[in-house]
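Chain by chain, the residues run as shown.
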Amino acid sequence: MFTVGKLKSIIDVAAGREIPDTLLTHAKLVNVFTGEIYETHIAVVNDVIAGVRSDYTEGKQIIDCHGQYVIPGLIDAHMHLESSLLSPAEFAKAVIPHGTTTIVIDPHEIGNVLGMSGIEYMINATQATPLNAYVMAPSCVPATHMETAGAELNPAKIETLLSMDGIHGLAEMMNFPGVFLGIPDVLKKLEIAGQADRPIDGHSPGLSGKNLNAYLAAGILSDHECTTPEEALEKLRLGANIFIREGSAAKNLEALIGIVNEKNYHKIAFATDDRHPDDLVEDGHMDDILRRAIRQGIDPVRAVQMCTLNAATHHRLRKRGAIAPGYFADIVVVDNLTDFNVKMTFTNGKLVFDNTLVVDIPDVVDDRVVNTMNVQPLQESDFRIPVRGEQARIVKIIPNQIVTDHYTTVPKQVNQAVVADLERDILKFAVIERHKATGNIGLGLVNGFGLKKGAIASSVAHDSHNLIVVGTSDAEMKHAAERAIEIGGGFVVVADGNVLGECPLPIAGLMSDQPVDVVREQLHQLHHAAEKIGSVLPNPFITLAFIALPVIPALKLTDKGLVDVNQFEIVDLWV
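The structure presented is a predicted model; accordingly, all values stated were derived computationally and were not measured. (Residues numbered from 1 in each chain as written. Predicted model: local features only at pLDDT ≥ 70, side-chain atom pairs only at ≥ 80, totals over all residues. Heavy atoms only, no water.)

Draft legend 1. Inspection of the domain arrangement of the protein at higher detail. Parsing the protein into structural domains produces domain 1 (4-67), domain 2 (71-317) and domain 3 (380-571). In this structure, domain 1 and domain 3 have C-alpha centres spaced 54 Å apart. (Domains from an automatic or database assignment.)

Draft legend 2. Fine view of the environment of Val516. Relative to the elements of secondary structure, Val516 occurs in helix α16 (residues 516-532). Using a relative accessible area of 13% as the deciding quantity, one classes Val516 as buried. Along the chain, Val516 and Glu90 lie 426 residues apart, while their C-alpha atoms are 6.3 Å from each other. Once residues lying within four places of it in the same chain are set aside, the contact partners of Val516 are Leu86, Glu90, Pro277 and Val281. (Helix = DSSP H or I, 4+ residues; strand = E, 2+ residues; numbered from the N terminus. Buried < 20%, exposed > 50% of the residue type's maximum accessible area, 1.4 Å probe, protein only. Contact = heavy atoms within 4.5 Å.)

Draft legend 3. Local environment of the sheet that holds strand β10 (residues 200-202). Taking strand neighbours across the sheet as the criterion, the five strands line up as β6-β7-β8-β9-β10 in an open arrangement whose pairing is parallel. The strands lining the two open edges of the sheet, one partner per strand, are β6 (74-79) and β10. Looking at each pair of strands side by side, their axes are set apart by 25 degrees on average, direction ignored. Note: strand β8 (residues 132-137) against strand β9 (residues 167-173), three bridges, orientation parallel. Pairing of Met136 across the sheet is with Gly169, part of β9. Strand contacts of helix α4 (residues 116-127): β7 (100-105), β8 and β9, with the helix running at about 165 degrees to β8, the strand carrying the most contacts. (Pairing = 2+ DSSP bridges. Axes fitted to C-alpha atoms, helices over the stretch in contact; angles between N-to-C directions.)

Draft legend 4. A look at the sheet that holds strand β28 (residues 555-558). With antiparallel pairing, three strands are arranged side by side in an open sheet as β28-β29-β30. Looking at strand neighbours, the two that pair on one side only are β28 and β30 (569-571), the edges of this open sheet. Across the sheet, the mean angle separating the axes of adjacent strands is 45 degrees when strand polarity is ignored. Pairing between β28 and strand β29 (residues 561-564): four bridges, direction antiparallel. By the bridge assignment for β29, Lys556 is matched with Val563.

Draft legend 5. Just unusual backbone geometry, in detail. Residue Pro142 follows Val141 across a cis peptide bond; omega there is -5 degrees. Looking at the secondary structure, you find Pro142 in the loop between β8 and α5 (155-162). The linkage connecting Pro553 with the following residue, Ala554, adopts the cis geometry, with an omega of 5 degrees. Within the fold, Ala554 resides in the loop between α17 (540-546) and β28.

Draft legend 6. How the structure looks around the pairing of strand β18 (residues 392-397). Two elements, β18 and strand β19 (residues 404-409), share six bridges in a ladder whose sense is antiparallel. Within β19, the residue paired with Arg393 across the bridge is Thr408. Joining the antiparallel neighbours β18 and β19 is a turn of six residues, in which Asn400 adopts a positive phi near 65 degrees. Relative to strand β23 (residues 441-447), β18 runs parallel, the two being bridged by two bridges. Within β23, the position partnered with Val395 by the bridge is Val446.

Structure follows, in structure tokens:
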């Protein structure tokens, strides 16, 4: 991994024959190997820690930590950077002040929109930041055969990706039925990753019993979809590493943290999966998860281990996740182990945050990732649902969860067509194919948004990211969808023929090109506009994005129609 010259430089500093580039003194080290906390000095040469001893006393640059705590750089074990709604540069600016130095990303959002060119953009754009970004090859583009994506990553393309510099492993295998049913294309992707000796991440919500055994037997190593202690324990017993997820859409830490004990903590790490600008600015990133875990009773040192060494060990991130000789110098200085207020952040030996960002982080411009809204002209009639039965299936929102419930009822009807029922909060919603102008539009009914007028639309709709809209009339739905197309993708709120709020996302219809504070303010205005038209959800756009995801139970909608996720098939709106 290191050249002879670099090794000699590291060894000479470690042995005391040469002076380190940087010496951190009076550092209260959290040792993630032993669980100890003790004061010491840390000698850094170039991007590597050469030694950890109190008798290192010289350095070209000496930084006195004044007895503050020093922990390894924090690691997000699984996340989709696109879901931050920020460009990679702006994301880095948002999380480095919170002590995050390493992210393991699955770019399947942009992969679903743009395929290989989108993934290449994510590699190039993240490499231009100080973050250590380990990019995984998206395993399921599209996630299922029951939706239209902008691209397809077949086994041959997965093989190409895994041969590229900048690709670390195979990202979450969301098609869990395809694994335990032995679908050849799915197994071929697993074979390719296995033969390349790459880590393979999992995604198996609610999977249990023999089918879970079959899924893990295929070489899949982890899961971040657990929602109950029983589910997590079953997967731990079968050897899976569990990433406790605490994101913006799904918050599972409180439900799962009780499973952590002295015997199994080494198999558990933390992940955000998705974290939005509001949460990044107001609460933080992995530091927020540390604080929450400690409030739930986890020992602070144990929490740090789970947020650093455990993630690095699972993902085989060589020489990351600890402060020790030969490890990359990803170092965070915090004032205490309760609040984890970050004072300094080093990535690869370079001071990048010292109570403020001290580096420039450039944006990467790529013409291939803009102008991605390719939709046939819309008509009001496209949103009409003719009556074809008595009982209809209704998607039921569960607040703060990405899973849904469902029920059947007689929908409100006018002139042999279904209309919004504001009294019972049953609204129409649509998923409009936006990659190939096929004209596909899936129509359904949803309970739980609370809108009393107008409509909201989003080009973020997991995982194929077609255009999704929910509203109180066909005309308002058409208006919201058309405005989202006009701005190159993004979030829109309309009512009474007016645009009340919007957040443009011109990068693949997924990410803004604006700073985090601008995006945050746009989102605040957007949420206020949604509340004005009746939304009862804390973040209706997160909910909107996930009711199109046909790999998370129970009833979802794609451009091809309603999907019964448990049966893994398209079903009719009418029962």
